[in-house]
Amino acid sequence: MSITVYTARTILTMNPSQPRGDCVAVRDGRVLGVGPLDEVRRFGEVRIDDRYADKVLVPGFVEGHSHALEGYVWDLLYLGYFDKLDPDGRRWEGLKSPEAVRARLAAHIDDGNPEEPLIAWGFDPVYFEGERIDKQLLDSVSSKRPIVIMHASLHVMTVNSAVIRQAALADKDVEGIVRGSDGLPNGELQEIPAMHLVFDTMAFDLFGGASSSRALNRYAKAARREGITTIVDLLNPMDDAAVEALRAATAEPDYPVRLLPALNALAWDPQTGSERVRAAMAHNHERLQFGLVKLVTDGAIQNFTARLQWPGYLEGPDNGVWNAPPQTFHDMVQHYHQAGLHLHIHTNGDEAVGMILDALDEALSLWPRPDHRHTLQHVQLIRQDQLRRVARLGACLNIFANHIYYWGDIHRTRTLGYDRCQRLEPAASADRMGIPFGIHCDAPVTPLSPLFTAWCATTRQTASGVVLGEAEKISRARALEAITLGAAYTLRMDHRVGSLEPGKQADLAVLDEDPLASETPLKDIRVHDTVLSGRPTGGA
């Protein structure tokens, strides 16, 4: 078999036994060895490929929490506060006022079929001063055509009066339907049960839309652009159509990433859910791996829907919203743990963290399982005592470092206050306690970019430049590990990806600069290309 040797300015391996090298030898899609050229020639005749001779090679980035929605939502109308790039590289300007939101809606109200809803996303009203935006702003655009706006967090939507009428929301007794002083729905729907009243009425399947071939290919394209070679779609419907779409997309020989879909557990009863995951796992191959199960317990802090322990929110409601009764999550943890599957559990608020730790504690007492690697996702407000429990239980964390930049200012002034903001996304504490962890972006909630995520974890700067939690900063080296080998560990993929070691997949991110030596901020280091199983993907 032929051996290809990629030369580079330097190679960072994430292998502590050999942290750096000059070239990497690849055979059969796997790393044969890293070292000086004279040494790798000992394997036999080699073909030298110098296309990256002036670049820096690192293990392909592992994005452990994102959504294939990144490939779909750009077909909808963007109403976010921050500028963003779509998968095709087009920049969408952020909207800095309610008037700007209204203007963009008005400019597109006649798009498409007027009998169908106008659907938008990315809305972030917490940034706007004054009364919280509700149906009145949307009704000023149209009270006849249904308008549905997903918030940036994907945990809340705002709708106009036409939707309220069609979904008969005034007659529904469901937690999360926010009502005004008149007792009528004001257009804001918080969390999954309330939002599904609209999804079902409008026959609009947000996550199902992300299962098309176009969406999955755009998702992979956006990932490749940012140096990602392994990516997790952490809330997949996993119905028959979704599984078939995943199989078809990843079967294409030039699909540029490894894709790990996670079952949306709340969409299935536990027995059916575990059976679906097991059946899907029979279709696992090099670029597609089923086996993950996702639970979504609470909401988002910036939406005031995360579940917090005392003293609760700085302003707004007393507490957030559960997506199901806590006992339901307790039972689900026990079922999926006993079934031998791998849980990834959304826990934003510290009350949600505590509830899940109780459930894991009991499940592990009843059915001990070494090296289970159940992972708590986001853990924005996890407490020090809870971190010690995570360590004792042998669980992992995937920390939402980007949140500090995008909502840190809001948390300091409106949701949490100064003290609790110092412990947001406590990566350094997790590291000190020896807890395995990755860091993530949760795209499309925030943009796909592991290097930006690493920058957030090392600087802890908000959008206004304030540093929150100096003691929770981690080093560049630790951040680079968290977007490669650390994330791979939380996915049970560290035997295949995350570092450049003999026998592992030859997945590389090709960078213009050395992230451990350059003075350039990590977020500004350019990704030149990626390599998957030893084959360049042409990402430049």
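Refer to the preceding data block for the structure.
Residues numbered from 1 in each chain as written. Predicted model: local features only at pLDDT ≥ 70, side-chain atom pairs only at ≥ 80, totals over all residues. Heavy atoms only, no water.

Visitor: Looking at this structure, how should I read the overall build of the protein chain?
Guide: Per the secondary structure count, the protein chain includes 18 helices and 24 strands. Summarising its shape, the C-alpha atoms of the protein chain cover approximately 80 × 55 × 50 Å along the three principal directions. Scored against the burial criterion, the 540 residues of the protein chain give a buried share of 63%. Counting only contacts in the protein chain whose residues sit at least 6 apart along the sequence, the fraction spanning at least 24 positions is 72%. By element, 48% of the accessible surface of the protein chain is carried by carbon and sulfur atoms, the whole surface being about 19900 Å². Distance from the positive charge centre (55 side chains) to the negative charge centre (71 side chains) of the protein chain: 3 Å. (Helix = DSSP H or I, 4+ residues; strand = E, 2+ residues; numbered from the N terminus. Buried < 20%, exposed > 50% of the residue type's maximum accessible area, 1.4 Å probe, protein only. Contact = heavy atoms within 4.5 Å. Areas by Shrake-Rupley, 256 points an atom, 1.4 Å probe, with all protein chains shown as cover. Lys, Arg positive; Asp, Glu negative; His and termini not counted. Charge placed at Lys NZ, Arg CZ, Asp CG, Glu CD.)

Visitor: Please clarify how the sheet that holds strand β10 (residues 118-123) should be interpreted in this entry.
Guide: Strands in a sheet are paired, the pairing made by backbone hydrogen bonds, and the direction either parallel or antiparallel. Ordered by their spatial adjacency, six strands build an open sheet running β7-β10-β11-β12-β14-β13, and the pairing between neighbours is mixed. Each edge of the sheet is formed by a strand with only one pairing partner; in this case those strands are β7 (77-78) and β13 (177-179). In the sheet, β7 pairs with β10 via two bridges, with the strands oriented parallel. What sits directly across from Y78, in β10, is W121. (Pairing = 2+ DSSP bridges.)

Visitor: What is the right way to read the side chain of H378 from this model?
Guide: If you trace the backbone, H378 turns up in strand β19 (residues 375-378). On the basis of relative accessible area, H378 is assigned to the buried category, the value being 2%. In terms of polar contacts, H378 uses its side chain to reach the side chain of H346, at 3.4 Å. (Polar contact = N/O pair within 3.5 Å; in protein donor to acceptor, adjacent residues only side chain to side chain.)

Visitor: Just checking my understanding: could you explain the pattern of salt bridges for this structure?
Guide: Should their charged atoms come close, side chains of opposite charge can pair. Using the criterion set out here, one finds 32 salt bridges in the structure. For R51, the salt bridge is made with D49, and the minimal N-O distance between the two is 3.0 Å. We classify R51 as partly exposed; its relative accessible area is 48%. Linking D75 and R218 is a salt bridge whose minimum nitrogen-to-oxygen distance equals 3.3 Å. Within this pair, whereas D75 is found in the loop between β6 (61-66) and β7, its partner R218 is found in helix α7 (residues 213-225), the two being separated by 143 residues in sequence. Using a relative accessible area of 8% as the deciding quantity, one classes R218 as buried. Salt bridges linked by common partners bring D75, D88, R214, R218 and K221 together as one network. (Salt bridge = Lys/Arg side-chain N within 4 Å of Asp/Glu carboxyl O.)

Visitor: Is there a simple way to think about the packing of helix α11 (residues 350-366) against helix α12 (residues 384-393) in this case?
Guide: How two helices pack is summed up by the angle between their axes together with the distance between the axes. Put simply, α11 and α12 touch, their axes get as near as 11 Å, and they point 25° apart. Classified by the angle between their axes, α11 and α12 sit roughly parallel to one another. Regarding α11 and α12, the two cross each other, and that crossing is left-handed. Contacts from D350, V353, G354, L357, D358, L360, D361 and L364 of α11 reach α12 at Q386, R389, V390, R392 and L393. Tallied by class, the residues present in the contact of α11 with α12 amount to six nonpolar, two polar and five charged. (Axes fitted to C-alpha atoms, helices over the stretch in contact; angles between N-to-C directions. Parallel < 35°, antiparallel > 145°, perpendicular 65-115°, else oblique. Left-handed = near helix turned anticlockwise from the far one by under 90°. Nonpolar A, V, L, I, M, F, W, Y, C, P; charged D, E, K, R; others polar.)

Visitor: What is the right way to look at empty space enclosed by the protein in this model?
Guide: If a probe the size of a water molecule is rolled over the atoms, the empty space left behind becomes visible. All chains considered together, the criterion is met by one cavity of 30 Å³ or more. If you go around the largest cavity, you meet 13 residues; those closest to its centre are Y78, F82, K84, A152 and V445. When its residues are assigned to classes, the lining of the largest cavity shows eight nonpolar, three polar and two charged. (1 Å grid on protein atoms, 1.4 Å probe; cavity = no way out; pocket = protein on both sides within 12 Å on 5 of 7 lines; lining within 4 Å. Points joined across faces, edges and corners; volume = space filled by probe spheres on them.)

Visitor: Please clarify how the pairing of strand β22 (residues 508-511) should be interpreted in this entry.
Guide: Within a regular strand, the side chains alternate between the two sheet faces. Of the two faces of β22, the one holding L508 and V510 and the one holding A509 and L511 are both buried throughout. With four bridges connecting them, strand β5 (residues 56-59) and β22 associate as antiparallel partners. Its bridge partner being in β22, V58 is matched across the sheet by A509.

Visitor: Help me understand the packing of aromatic side chains, please; the structure alone is not making it clear to me.
Guide: Each aromatic ring pair is specified by the distance between its two centres and by the angle formed by the two planes. Within the structure shown, the criterion is met by 19 aromatic pairs. Judged by centre distance (4.8 Å) and plane angle (90°), the rings of F82 and Y406 are edge-to-face. With F82 in the loop between β7 and β8 (84-85) and Y406 in helix α13 (residues 402-415), the pair connects residues that are 324 residues apart, well separated along the chain. Y406 carries the same exposure label as F82, and that label is buried. Relative to F452, the ring of Y406 lies with its centre 5.9 Å away and its plane at 50°, an arrangement referred to as tilted. Separated by 46 residues along the polypeptide, Y406 in helix α13 and F452 in helix α16 (residues 450-459) bring together distant segments of the chain. In terms of burial, Y406 and F452 fall into one category: buried. Taking the ring centre of Y52 as reference, the NZ or CZ of R51 above it sits at 6.0 Å. Taking the ring centre of W92 as reference, the NZ or CZ of R90 above it sits at 4.0 Å. (Phe/Tyr/Trp six-rings, centres within 6.5 Å; stacked < 30°, edge-to-face > 60°. Lys NZ or Arg CZ within 6 Å of the ring centre and 35° of its normal.)

Visitor: Would you explain helix α2 (residues 98-108) in this entry?
Guide: Residue pairs spaced three or four apart in an α-helix point in one direction, given the helix's 3.6 residues per turn. All of the buried residues along α2 are V101, R104 and L105. Seen end-on, α2 carries its buried residues on one side only, within an arc spanning 100°. Seen from the buried face of α2, the exposed residues on the opposite side, beyond 90 degrees, are E99 and A107. (Arc of directions from axis to C-beta.)

Visitor: Would you mind showing me how to read the side chain of T7 here?
Guide: Relative to the assigned elements, T7 resides in strand β1 (residues 3-12). Beyond its immediate sequence surroundings of up to four residues, T7 is in contact with D22, C23, I48, D49, D50, Y52 and A53.

Visitor: I'm lost on the packing of helix α9 (residues 270-281) against helix α10 (residues 326-338) in this one. Help?
Guide: Contact pair α9 / α10: the axes reach a minimum separation of 10 Å and the direction vectors enclose 35°. When you trace α9 past α10, the crossing you get is right-handed. In this structure, α9 contributes P270, Q271, G273 and S274 to the contact, and α10 contributes M332, H335 and Y336. Each residue belonging to the contact of α9 with α10 can be placed in one class, and the counts come to three nonpolar, four polar and no charged.

Visitor: Mind showing me how you'd approach the sheet that holds strand β17 (residues 292-296) here?
Guide: Taken in spatial order, the eight strands of this open sheet run β6-β15-β16-β17-β18-β19-β20-β21, and their pairing is parallel. Two strands close off the open sheet at either side, each with one partner strand: β6 and β21 (437-439). Neighbour-to-neighbour, the strand axes of this sheet turn through a mean angle of 20°, independent of strand direction. Two strands pair when backbone bridges link them, and strand β20 (residues 396-399) and β21 are joined in this way by three bridges, in the parallel orientation. Within β21, the position partnered with N398 by the bridge is G438. Those strands touched by α16 are β6, β15 (228-236) and β21, and its axis lies near 110° from that of β21.

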